[in-house]
Amino acid sequence: MFDQEEILAWENEITVKKTFIKTKRYKDPRIEKLKEVRKGIKAVHYNKEIKSCRKDHYRLYRNKMTQLVRSENFDMIVSYKRTSGWLTW
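Given the structure is predicted, the values throughout are model-derived calculations rather than measurements.

(A) How the structure looks around unusual backbone geometry. The phi dihedral of Glu72 falls on the positive side, at around 60°, and the residue is not glycine. Structurally, Glu72 can be placed in the segment after helix 3 (51-70).

(B) Molecular detail of the pattern of salt bridges. One pass over the full model with this rule turns up one salt bridge. Of the charged contacts, one joins Asp56 and Arg59 as a salt bridge, the two residues approaching to 3.3 Å between their closest N and O atoms. One end of the pair, Asp56, and the other, Arg59, are both in helix 3, three residues apart, so they sit about a helical turn from each other. On the accessibility criterion, Asp56 (36% relative accessible area) is partly exposed.

Criteria and thresholds
Residues numbered from 1 in each chain as written. Predicted model: local features only at pLDDT ≥ 70, side-chain atom pairs only at ≥ 80, totals over all residues. Heavy atoms only, no water. Helix = DSSP H or I, 4+ residues; strand = E, 2+ residues; numbered from the N terminus. Salt bridge = Lys/Arg side-chain N within 4 Å of Asp/Glu carboxyl O. Buried < 20%, exposed > 50% of the residue type's maximum accessible area, 1.4 Å probe, protein only.

Now the structure itself:
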């Protein structure tokens, strides 16, 4: 049925496949995050800021920057980091 050469070639193919098996399986962070989202773990989900809090924060930023402009401290002026309401602290 099979001759000796075909059997040796088949055994060599199997040994080659066994040597290339990864010994360590690393975790895929995307799959882990997807599992957490599906389970509904709260550490993964972020809630948006309340509109009034966003407005207060932007108002404080504007007041601080206008105060720096009036006192001519231009080197301390920073651009506003718009977070679109997502909590960043």
